[in-house]
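One letter stands for each residue in the lines below.
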Amino acid sequence: MALRTSVSKGIQVVESGRHLPLTLHLHVGHTIIPIERLAESPENVRSCLYDVMEYKDVKLTFKCETAEAARFYWIHTRDADEEADNEGYVLSGVTGEHVLYQYRDGATYPWRCGLYHFELHYQGKTYFGAVAIKPKNVSDRQMAQIHQVINQELRGLVLDYYHFKRTIGHFNHDRTEPHRRFIRWYRENEAKLLRAIRDIETRCMLQIEKAYKLEDIPRHMDNRCLRLQHSYRGVIYQGTKFYNRHWQTNWDNDENRLAKYVISQIAHELMKSLRSLKVLEHEAGEINDSYSNVPQFPEKIERHTIRIQTSEGENQGWDDPALDSSGYRRWQTLAFATFPSDQAEATKHLLKLSARLNTPFWNRVENRRPKTFRLGTGTPSYRLLYELWKEAASQTRETDDTLSDMPAYKPTSVLYEYYVLFGVLRALRELDFLPDREAITIQLQKSFFRDGLKEGTKVSFVKGDCKIDVTYDETLAPNSQVALQNRTHFYGHLRRKPDIRIDLYKNSTYVSTFIIEVKYRPFYNIHSEFGWTNTMEQMNEYRLISYVKRNSDGQKEYNLRAVYQVVCAYPGDDDQPIVTPADCGTFLQYYPNENTDDPNDIVGFPQLREMMKKWIDL
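Before going into details, it helps to say that this report is about the structure given with it. (Residues numbered from 1 in each chain as written. Predicted model: local features only at pLDDT ≥ 70, side-chain atom pairs only at ≥ 80, totals over all residues. Heavy atoms only, no water.)

### So, the pattern of salt bridges
Counted only if it meets this: Basic side-chain nitrogens of Lys or Arg form a salt bridge, by our definition, when they fall within 4 Å of a carboxyl oxygen of Asp or Glu. Accessible area is worked out with a 1.4 Å probe on protein chains only. A residue is then buried under 20% of its type maximum, exposed over 50%, and partly exposed in between.
Summed over all chains, the structure comprises 24 salt bridges. R437 is the partner of D436 in a salt bridge, and the nearest nitrogen-oxygen pair spans 3.4 Å. According to the relative accessible area criterion, D436 is buried, its value standing at 12%. Each of R18, E40 and K125 takes part in a single network of salt bridges with overlapping partners.

Take a look at the structure:
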């Protein structure tokens, strides 16, 4: 760790070496981090990088040596349906502090692991620093291996396309993001663009101008007709031809040519984004289901329609008046994170814009950029079109100092759940189970929304007379009647939402369930030899989950001991064995082996596979 800069020197500016007359410190938990260096250019911000451990309280303290106030802008994130808002913190007075995050009453940690930037505005200038949010319970190398395993199964799942961070271009970790950003921009501005085009069409159709033609009979003559009649050319036709006035439309003018050129350029950017996403999808397709050598069953796949089967818990949620509108909008949005849906959206926009350009009005406008580059300085619709064109051109240009919205990583706890989930799918493949009817990737994509896997995501496997359903994060029915009505068959009274539920059927008859609860927490927080932690109580209550069906006589038939085993997966503890039996179930260390370069070398995976094999073979 670098030595602290003395208070008299203040913060050093890396480009010039001069010092600002103020000091800043980040208090992360019990660690104090002095902010010693800032950069005037975003290109140099990596030399001003400070590490912040996730899930710890963060506070900023400052000391000013002048009376002039400064403003501090911390990490800026937002959800897709929120407006950008970052008012910053005023640094005034001799000393002071601002709380950036404090865990209180279950407050959600606001930042995801990854790189961000912050800004200090002082004396009319902006200074930049960088922050790396670090994972708490795994190392950076292990986090990278977790990302790699998830992307092997379903590329793009590590990113949250609902939650964005506004930061510097070279902190971007998604090659598709410039194209996705352009599609998002177009979606938000399509109504304005089409409104401007319609307004131009309407105005031009209503505008007529005078034109003069030589004709055999005099009619509709005005003062200009008379002047033309007595001009040198008019004298030649004296008595035989007459200049007459006519009214006509003139759509093929310089303004409309330029407008058509601008619209065509925006359509061209849409086409480029669509083509680029197709290329990247082809590259991503090379990392697909690891069972690629298994023959695929014939199927009809609707590329641009994703159909989801919802559980009863979700159906109850739609009717629940307490469900907030932002949560409802999240599930109603059409912009999913999958490549096909992004392409579908771009295709839809492109077809609509192309249809507008192929109307009779625009067909009469020459498709050529005029020599003079003036776009309707007096007409609002032309000006709006020009401003939209400038914005469109800036969306796909990205340099190291570009500030733009880009998707953040999903929360580490969610990524760890996916990591364990894909370990379960891998264990079943290694036990010679095959995907049921559809490949694993296709089954997962049906529940792949832009903010992650949907609750109740299900993947099915078969092997001989055995069938296994792996269900992720599904809320169970509260009683047997609701379970039968929704044909989910499972119900519970207390804890009703296990992270991973694995159901075994033999000869189409339900046998039992294997539950895995995933905790991204240290062992001492979830286990105790002398009492019951919340996690242990939760595991014990999962054993009360039951299964119900109707027999041939229409009577309810119960399995009140449906759960065979409850396993809690956690990121590991050097002082504990890999498998720890307990009163409530089994605790299993499950984390990447950072001593190897193989992301599939996972501590705890062989033990998980063996536990599942023992259960299936009963």
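Right, picking up where we left off after that structure.
### Focus: the environment of G452
Quick note on the threshold: Note on conventions: DSSP H or I runs of at least 4 residues are helices, E runs of at least 2 residues are strands, and numbering of each starts at the N terminus.
Structurally, the position occupied by G452 is in strand β20 (residues 452–453). For the pair G452 and D160, spaced 292 residues apart in the sequence, the C-alpha separation amounts to 6.6 Å.

### Things to note about the packing of helix α11 (residues 412–430) against helix α16 (residues 605–616)
Quick note on the threshold: Each axis is a line fitted through C-alpha atoms, and for a helix only the stretch in contact is used; angles between axes span 0 to 180 degrees, taken between their N-to-C directions. Small angles under 35 degrees read as roughly parallel and large ones over 145 as roughly antiparallel, with 65 to 115 read as roughly perpendicular and the rest as oblique. Crossing handedness: left-handed means the near helix sits turned counterclockwise from the far one by under a right angle, and right-handed means the same turn made clockwise. Residues count as neighbours in contact if any of their non-hydrogen atoms are within 4.5 Å of one another.
Direction vectors running N to C along α11 and α16 enclose 60°, while the axes themselves pass 10 Å from each other. With respect to their mutual orientation, α11 and α16 come out oblique. Where α11 crosses over α16, the two elements pack in a sense that is right-handed. Contact residues: α11 offers G423, V424, R426, A427, L428 and E430, while α16 offers F605, L608, R609, M612 and I616.

### Description of the environment of T61
Inclusion rule: Polar contact is the term for a pair of N or O atoms within 3.5 Å; when the atoms are in protein, one must be able to donate a hydrogen and the other to accept it, and sequence-neighboring residues count only if both atoms are side-chain atoms.
Take T61: it is sitting in strand β7 (residues 58–64). Once you skip the residues sitting within four places of it in the chain, T61 turns out to touch T23, L24, H25, H27, G96 and E97. A polar contact is formed between the side chain of T61 and the side chain of H27, at a distance of 2.9 Å.

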